[in-house]
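Survey of secondary and tertiary structure
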Amino acid sequence: MRITLERSNLLKSLNHVHRVVERRNTIPILSNVLLRSDGASLEMKATDLDLEITEATPAQVEQAGATTVPAHLLYDIVRKLPDGSEVLLATNAEGTAMTVTSGRSRFSLQCLPQSDFPDLTAGTFTHSFRIKATDLKMLIDRTQFAISTEETRYYLNGIYIHTIESKGQLKLRAVATDGHRLARADLEAPSGSEGMPGIIIPRKTVSELQKLVDNPDVIVTVEVSDAKIRLTIGSIVMTSKLIDGTFPDYQRVIPANNDKELKIDCQTFAQAVDRVSTISSERGRAVKLALSDGQLTLTVNNPDSGSATEELAVGYDSDPLEIGFNAKYLLDITAQLSGTDAVFMLADPGSPTLVRDMAGDDALYVLMPMRV
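Report follows, based on the coordinates. Quantities reported herein were computed from a predicted structural model and do not represent experimental measurements.

Each value, and the rule that gives it
- Residues numbered from 1 in each chain as written.
- Predicted model: local features only at pLDDT ≥ 70, side-chain atom pairs only at ≥ 80, totals over all residues.
- Heavy atoms only, no water.
- Helix = DSSP H or I, 4+ residues; strand = E, 2+ residues; numbered from the N terminus.
- Buried < 20%, exposed > 50% of the residue type's maximum accessible area, 1.4 Å probe, protein only.
- Contact = heavy atoms within 4.5 Å.
- Areas by Shrake-Rupley, 256 points an atom, 1.4 Å probe, with all protein chains shown as cover.
- Lys, Arg positive; Asp, Glu negative; His and termini not counted.
- Charge placed at Lys NZ, Arg CZ, Asp CG, Glu CD.
- Salt bridge = Lys/Arg side-chain N within 4 Å of Asp/Glu carboxyl O.
- Phe/Tyr/Trp six-rings, centres within 6.5 Å; stacked < 30°, edge-to-face > 60°.
- Polar contact = N/O pair within 3.5 Å; in protein donor to acceptor, adjacent residues only side chain to side chain.
- Pairing = 2+ DSSP bridges.
- Axes fitted to C-alpha atoms, helices over the stretch in contact; angles between N-to-C directions.
- 1 Å grid on protein atoms, 1.4 Å probe; cavity = no way out; pocket = protein on both sides within 12 Å on 5 of 7 lines; lining within 4 Å.
- Points joined across faces, edges and corners; volume = space filled by probe spheres on them.
- Nonpolar A, V, L, I, M, F, W, Y, C, P; charged D, E, K, R; others polar.

When helices and strands are counted, the protein shows six helices and 25 strands. C-alpha atoms of the protein, sized along the principal axes, occupy 80 × 50 × 35 Å. Residues classed as buried in the protein amount to 53% of the 372 residues present. Put simply, of all contacts in the protein between residues at least 6 apart along the chain, 68% involve residues at least 24 apart. Total accessible area on the protein is roughly 17,700 Å²; 46% of this is exposed by carbon and sulfur atoms. With 38 positive and 49 negative side-chain charges, the protein shows a spacing of 4 Å between the two charge centroids.

Take the pattern of salt bridges next. Under the criterion given, the structure shown has 21 salt bridges. Between arginine 2 and glutamate 62 there is a salt bridge; the shortest N-O distance is 3.1 Å. Separated by 60 residues along the polypeptide, arginine 2 in strand E1 (residues 2-6) and glutamate 62 in strand E5 (residues 60-63) bring together distant segments of the chain. The exposure class assigned to glutamate 62 is exposed, which follows from its relative accessible area of 54%. For glutamate 208, the salt bridge goes to arginine 19, with nearest N and O atoms at 2.8 Å.

Before going further, it helps to spend a moment on the packing of aromatic side chains. Evaluated as defined, the whole model comprises five aromatic pairs. Between phenylalanine 145 and tyrosine 365 the ring centres are 5.9 Å apart and the planes differ by 40°, which places this aromatic pair in the tilted class. One end of the pair, phenylalanine 145, is in the loop between helix H3 (133-143) and strand E11 (158-166); the other, tyrosine 365, is in strand E25 (residues 363-367), and 220 residues separate them in sequence. Given the relative accessible area of 14%, phenylalanine 145 is considered buried. An angle of 65° between the planes, with centres 6.4 Å apart, marks the rings of tyrosine 160 and tyrosine 250 as edge-to-face. Of this pair, tyrosine 160 sits in strand E11 while tyrosine 250 sits in the loop between strand E17 (236-241) and strand E18 (260-265), placing them 90 residues apart in sequence. Put simply, the rings of Tyr160, Phe247 and Tyr250 touch in pairs and so form one group of aromatic residues.

Residue placement: glutamate 52 occurs in strand E4 (residues 51-58). Although glutamate 52 is buried, it forms no salt bridge, and the closest oppositely charged side chain is lysine 45 at an N-O distance of 4.1 Å. Side-chain polar atoms of glutamate 52 contact the backbone nitrogen of leucine 120, separated by 3.1 Å. Once residues lying within four places of it in the same chain are set aside, the contact partners of glutamate 52 are Lys45, Ala46, Thr47, Pro118, Asp119, Leu120, Val237, Met238 and Thr239.

Right, let's get into the sheet that holds E17. Two pairing modes exist for strands in a sheet, parallel and antiparallel, and in both the strands are linked by backbone hydrogen bonds. Taken together, eight strands build an open sheet; the order of strands is E6-E2-E3-E4-E17-E16-E15-E10 and the sheet is antiparallel. The open sheet has two edge strands, strand E6 (65-70) and strand E10 (127-132), and neither has a second partner. Averaged over all neighbouring strand pairs, the angle between strand axes comes to 15°, with direction disregarded. In the sheet, E10 pairs with strand E15 (residues 219-224) via six bridges, with the strands oriented antiparallel. Note that in E15 the partner of serine 128 across the bridge is glutamate 223. In this fold helix H1 (residues 7-18) packs onto strand E2 (32-38), strand E3 (41-47), E4 and E17, with an angle of close to 170° to the strand it touches most, E4. H3 contacts E10, E15 and strand E16 (228-233) of the sheet and is inclined by roughly 95° relative to E10.

Read from one edge of the open sheet, four strands run E21-E20-E19-E22, paired in antiparallel fashion. Unpaired on one side and paired on the other, strand E21 (306-313) and strand E22 (321-326) mark the two borders of the sheet. Each adjacent strand pair in this sheet contributes to an overall mean axis angle of 20°, direction not counted. Bridge count for strand E20 (residues 295-302) against E21 is eight bridges, and the pairing is antiparallel. Each residue of the ladder has a partner; that of threonine 299, found in E21, is threonine 309. In the packing of helix H5 (residues 266-276) onto the sheet, contacts are made with strand E19 (286-292), E20 and E21, and the angle to E21 comes to roughly 170°.

The next thing to look at is the pairing of E2. In terms of burial, E2 is a largely internal element, five of the seven residues being buried. In this structure, E2 lies alongside E3, joined through five bridges in antiparallel fashion. Directly across from arginine 36, in E3, lies its bridge partner glutamate 43.

This next bit is on the environment of arginine 153. Within the secondary structure layout, arginine 153 lies in the loop between H3 and E11. Placed 13 residues apart in sequence, arginine 153 and serine 166 show a C-alpha to C-alpha distance of 28 Å. Setting aside chain neighbours within four positions, we find arginine 153 in contact with Asp178 and Gly179.

What follows deals with the layout of surface pockets. Roughly 310 Å³ of internal volume is contained in the largest pocket. In terms of lining residues, the largest pocket is bounded by 15 residues, among which Asp50, Pro202, Arg203, Lys204 and Ile243 are the most central. Contributing elements (two or more residues each) for the lining of the largest pocket: helix H4 (203-212) and E17. If one sorts the elements of the lining of the largest pocket by residue count, H4 sits on top with three residues. Residue classes in the lining of the largest pocket are distributed as five nonpolar, three polar and seven charged.

Right under this line is the structure:
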């Protein structure tokens, strides 16, 4: 293999694919990126056996071929080369080493044969639809923070995406929960998504996807089956296994009869929560909300360091109520709200609270209270 390409193109593609590769690998081939040159492009592929990312980038191909080299090492080399430079990649006759040459810099990397590189065979996909990158990013951004990190409840370690009829319209819905909070976002179901199986996209795939859908003009092609998902984003193809489990019936935990309404300015509220929680212990992080007519008092007590209070004028005219929440969870939710004002629907100090945007977009959040 002997090819020349622009450093910027090589770096951009490597940046997308190398992140999949785990730093510590017991299987040497999984530390490598597969490079395959053909026609006028170089295709790169990396995998961790659960997730695979492929991207093609333009290249001048003198001699076609394929090999695998250490992914993080190649990325670091290319990253440190000067802007605007050209990079020559060439393998030796035996295919055991690849030289990376740019200007006066020359590196030699050990290769492993491409025949050893695993292929995440996709199988057949039952449903396919196209969605704007901005819409997909919205679904992920609004829900991703609520994904559970608890490995024992593995079926909560991702975002549950499915279609559902809501108010007479078919919606594509994303839901994530860790048992303490729940995030739900909807958008109009794209054509082709009707009747698709409900799927749980793993946390790592969600995290990588979030970084790839940053171009608002791109249309993403999504293909799903019971076990896998494949997303085509421009020149990038991402294939991932899905979580094999049943997502719990989240509808049951969304309260329907919370009658106490609190209206707040998101930014003012978030800044106040952030200030008073400075004093809280990292572990507890509980902030108490005391509500009375038109007023909210935020209180944090920490036996080790002291206490903090702050008062806010709010829209509230129900019975007085005291309820506690995890400060970090409150901040996570307010950060996702797109409007300036939010509405909290409360019941009592022991029941879940419903939070939504006053702007009325299709996202809602459920938060479990804490004892304070």
